[in-house]
Amino acid sequence: LELLETRQYTKLRQYLATQNEADIALIMEELDHQDMLKTFRILPKDLAAETFVELDSDLQQYLITCFSDTELKSVMDQLFVDDTVDILEEMPANVVKRMLANADKHKRDSINEILKYEKQSAGSIMTVEFVRVRPDMTVTEAFEQIRKTGIDKETIYTCYVTNRRARLVGVVTAKTLLLNAPDTRLGDIMTQNVIYGHTNDDKEEVARTIDKYGFLALPIVD
């Protein structure tokens, strides 16, 4: 508050950049709307999107109504698709329409795909942003793929091996990649008896499966 009142915005930005997004959201929820908007605009781009996800839906809606189209597009570009879907489900129709209008076509198509699933289904909460690799890739090529595409993915610790028809044929973890020689083919080291769920499975059942096997993530197929 002191930094806001004295307009020490550079110092405030530096301070907030060292904080966790959940803690920043708690701070912002204590501010009046004008100071909250000002604080949000001070945040670095990536941190702003992560903080936005942590805010309650009323504050998210308020911010969206205050954003210019450029600001809204910037936030939309940084959000993962499943987080975006969660937010959209809490918004009135006019806000949803504006958010979708400021998403790029690829993200908009992914959002609309997930929105088609029943609310209690695994499909409604799955992420479509994962690292896809092929069985004929080597470990070296897999790491290149992770480096090239991983920045936009929600998880890179588990990679899904798919054939040329985009069908799931195996799973390989980052640990497995690290422990094998650079020229090893993924088809030789991937787990082939994959435990998975379906898009229409109840999300609570999928959560129990993840807990039962101690997974970080579970592949969902249609």
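Our subject in this report is the structure included herewith. (Residues numbered from 1 in each chain as written. Predicted model: local features only at pLDDT ≥ 70, side-chain atom pairs only at ≥ 80, totals over all residues. Heavy atoms only, no water.)

Moving on, we get to the overall build of the protein. Tallying secondary structure elements over the protein gives 14 helices and five strands in all. Residue pairs in contact within the protein that sit at least 24 positions apart in sequence constitute 62% of those at least 6 positions apart. Put simply, the protein shows about 13,100 Å² of open surface, and 49% of that area lies on carbon and sulfur atoms. Averaging the coordinates of the 27 positive side-chain charges in the protein and doing the same for the 39 negative ones gives two points 7 Å apart. (Helix = DSSP H or I, 4+ residues; strand = E, 2+ residues; numbered from the N terminus. Contact = heavy atoms within 4.5 Å. Areas by Shrake-Rupley, 256 points an atom, 1.4 Å probe, with all protein chains shown as cover. Lys, Arg positive; Asp, Glu negative; His and termini not counted. Charge placed at Lys NZ, Arg CZ, Asp CG, Glu CD.)

Summarising the element assignment, threonine 39 is placed in helix α4 (residues 33-42). From its side chain, threonine 39 meets the backbone oxygen of aspartate 35 in a polar contact 2.8 Å long. Ignoring anything within four residues of it in the chain, the contact list for threonine 39 reads Leu4, Leu16, Met28 and Leu31. (Polar contact = N/O pair within 3.5 Å; in protein donor to acceptor, adjacent residues only side chain to side chain.)

Counting residues in hydrophobic clusters, the biggest one holds 37 residues, and the most contacted among them are Phe40, Leu43, Phe52, Leu63, Phe67 and Met99. Setting aside chain neighbours within four positions, we find phenylalanine 52 in contact with Phe40, Gln60, Leu63, Ile64, Phe67, Val75, Leu79 and Ile87. Formed by 13 residues, the second largest nonpolar core is a distinct cluster that contains Val131, Val133, Cys159 and Ile189. (Core = buried A, V, L, I, M, F, W, Y, C linked by side-chain atoms within 4.5 Å. Buried < 20%, exposed > 50% of the residue type's maximum accessible area, 1.4 Å probe, protein only.)

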